[in-house]
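Examination of the molecular architecture
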Amino acid sequence: MLDIQFIRDHSDQVKVAAKAKKSDVDIDLLLVKDQEYLSLKKELEELRSLKNDINSLIQEAKDEAERTEIITKGKEIKTKIDEAEPKFREAFEAYEALLLAVPNVPTEDTPLGEDESGNQVVRSWGEKPSFAFEPKDHMEIGRLLGGIESERAAEVSGSRFAYLMGDVALLQLALVHFVFRILGDKTLLGEIASKAGVTFVGEAFIPVIPPVFVRPEVLAKMDRLEPREDRYFLEQDNLFLTGSAEHVLGALHMDQIFEESELPRRYAGYATAFRREAGSYGKDTHGIIRMHQFDKLEMESFTLSEDGLNEQNLFVAIQEYILQALELPYQAIAVCTGDMGKPDARQIDLETWMPGQDRYRETHTSDFMGDYQARRLQTRVRRGNGKIEFVHMNDATAIAVGRMLVAILENYQEADGSVRVPKVLQETLGKERIAPKG
């Protein structure tokens, strides 16, 4: 959430940002509720202070008459407190609900736009492959390789599930191993940052295999509870299945205070993610682009406020390094205000070329939150001068494994249905080519 003092001081800017993000939160009403809450808070604090004074005065009473008079006054104050407390709670709840509904303010370089049509291509890399044959899509290739089985999965689990088998399953593991090596190599990360013109300080990423269940209140603090119809909820246990590893990585340090010397803190979390895809009826039903269950390797970091934006640029540089190492053509997209998430201050996506679909598809996203999530999570840092402030947070895709498999199968396909293995994965996979099953 935003700092209420920032909203008070920059209400016009916040209104513009809310409108740009298509939020209907009433900022003027929030400011009214803010004053009501503060007024009732002050009143209640004064009454409680008087009650404490009464307790002291009772002990100091000179005689029984004075003691009785003080006790009577104390009862009157207690009655006023009992009347004020529910009014205060009601005012606070109304104020807090509005405050939590205010979206983050986009950075100045975020393009304005109503929807994805307002997104801007900021750069591209790589040559699209040319084929002397009609390129197949990944499902046809996957069936030839004996590597993607969706029909049996539909019988067992329903639509939007698949078995990954044989060399395709091993290709996934090789991808994960390859990216973990990059994220754990401090020297390489420094080189990636230098080439991209960004600063790298601190340590490499700590590998994490996180839980895939999360409490509703924690997901709300991450501001990722909505749209809840897209989440899988276990009512008996009051738990959600995570839609991304960042949902639990970002909450790892809630209610904690870092020392300044401990930042930046970076995590690389590999987990299975679950989404109902409730709003995508009839969309991407063919193939493994949009599944109910998929695996992701996610980056998450906690930094000092002055380093937050640089950290996002580092994350994007890492994403681009991964795609370039895999020799996959892509374009970088500045996501516009109307298409970005509520807690995001800046969002950069990478779209990778998919020959079987004859278009670029999103494979990576990078979200800079500023202190928006940290304020909800109460994740803070004690600076060298003793001042305590909120950290800045970033999360980003290292690899969305299913979509990377699609990109590799379609870009590296051969006429006979075989698939060349990207050079950087050949040693781990133990082969240069995946052949169709005879």
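Our subject in this report is the structure included herewith. Position labels on residues start from 1 in each chain and follow its written sequence. Totals for whole chains, interfaces and linings use all residues, but because this is a predicted model, local features are given only for residues with pLDDT of at least 70 and pairs of side-chain atoms are given and counted only at 80 or more. Calculation of side-chain values draws on the structure's entire complement of heavy atoms; hydrogens and water are dropped beforehand.

Like-charged residues within 9 Å of one another, or nonpolar side chains (Val, Leu, Ile, Met, Phe, Trp, Tyr) within 5 Å, are grouped into patches, provided each residue has over 30% relative accessible area and no salt bridge. Surface accessibility in these figures is a Shrake-Rupley result with a 1.4 Å probe; residues are shielded only by whichever protein chains are displayed. We define a salt bridge as a contact between a side-chain nitrogen of Lys or Arg and a carboxyl oxygen of Asp or Glu at a distance within 4 Å. Judged by side-chain polarity, V156, Y163 and M165 come together as a nonpolar surface patch covering roughly 290 Å² of accessible area. Among the structural elements, V156 can be located in helix α6 (residues 151–157). A run of H or I in DSSP becomes a helix once it reaches four residues, and a run of E becomes a strand once it reaches two; helices and strands are each numbered from the N terminus.

Running from N to C, helix α5 (residues 138–145) and helix α13 (residues 401–411) point in directions that differ by 80°, and their axes come no closer than 9 Å. As judged from the angle between their axes, α5 and α13 are roughly perpendicular. For the pair α5 and α13, contact is made by H138, I141 and L145 and by V406, L409 and E410, respectively. Every angle, taken between N-to-C directions, lies between 0 and 180 degrees, and every axis is a line fitted to C-alpha atoms, over only the stretch in contact when it is a helix. In these notes the angle categories are as follows: under 35 degrees is roughly parallel, over 145 is roughly antiparallel, 65 to 115 is roughly perpendicular, and the rest is oblique. What makes two residues a contact is simply this: any of their non-hydrogen atoms within 4.5 Å.

Right, let's get into the environment of L425. Within the secondary structure, L425 is located in helix α14 (residues 423–429). Only protein chains enter the accessibility calculation, which uses a 1.4 Å probe. A residue is then buried if its area is under 20% of the maximum for its type, exposed if over 50%, and partly exposed in between. Given the relative accessible area of 0%, L425 is considered buried. Along the primary structure L425 and A325 are separated by 100 residues, whereas in three dimensions their C-alpha atoms are 9.7 Å apart.

Here the focus is the sheet that holds strand β1 (residues 120–125). DSSP-based pairing: two strands are paired if at least 2 bridges between them are found. Here eight strands make up an open sheet; going across it, the order is β1-β11-β12-β13-β16-β10-β9-β4 and the pairing mixed. Two strands close off the open sheet at either side, each with one partner strand: β1 and β4 (206–208). Strand-to-strand, the axes of this sheet are offset by a mean angle of 20°, without reference to chain direction. On top of the sheet, α13 reaches β9 (265–274), β10 (293–303), β12 (346–354), β13 (359–370) and β16 (392–400); it is set at about 35° to β12, its chief contact.

So, about the sheet that holds strand β15 (residues 388–390). The mixed open sheet is built from three strands, whose spatial order is β8-β14-β15. Every interior strand has two partners, whereas the edge strands, β8 (257–259) and β15, have only one. Adjacent strand axes in the sheet meet at a mean angle of 35° when their direction is disregarded. Sheet topology places β8 next to strand β14 (residues 380–382); three bridges connect them, and they run parallel. Residue pairing for β14: F258 is matched across the bridge by V381.

Turning to the side chain of T107, a few remarks are in order. If you trace the backbone, T107 turns up in the loop between α4 (64–101) and β1. Polar contact is defined as a pair of N or O atoms within 3.5 Å, subject to the rule that within protein one atom must be able to donate a hydrogen and the other to accept it, and that residues adjacent in sequence are counted only when both atoms are side-chain atoms. A distance of 2.6 Å separates a polar atom in the side chain of T107 from a polar atom in the side chain of D109. Here the side chain of T107 touches T110 through a polar contact of 2.9 Å, side chain to side chain. Ignoring any residue separated from it by four or fewer positions in sequence, one finds T107 in contact with A345, R346 and F368.

Here we come to a negative patch on the surface. Neither His nor the chain ends is counted toward charge; the positive residues are Lys and Arg and the negative residues Asp and Glu. A single reference atom marks each charge: NZ on Lys, CZ on Arg, CG on Asp, CD on Glu. A cluster of acidic side chains, namely E114, D115, E116, D339 and E362, defines a negative patch on the protein surface. Among the structural elements, D339 can be located in the loop between β11 (330–334) and β12. Given a relative accessible area of 33%, D339 falls into the partly exposed group.

Once that is clear, we can look at the pattern of salt bridges. Scanning all chains against the criterion turns up 27 salt bridges. Here D223 and R376 are joined by a salt bridge, their closest N and O atoms 3.6 Å apart. Of this pair, D223 sits in the loop between α9 (216–221) and β6 (233–234) while R376 sits in helix α12 (residues 372–377), and the two are 153 residues apart along the sequence. No difference in accessibility class separates D223 from R376, as the two residues are buried. The structure contains a network of salt bridges with shared partners spanning R224, E246, D344, D367 and D395.

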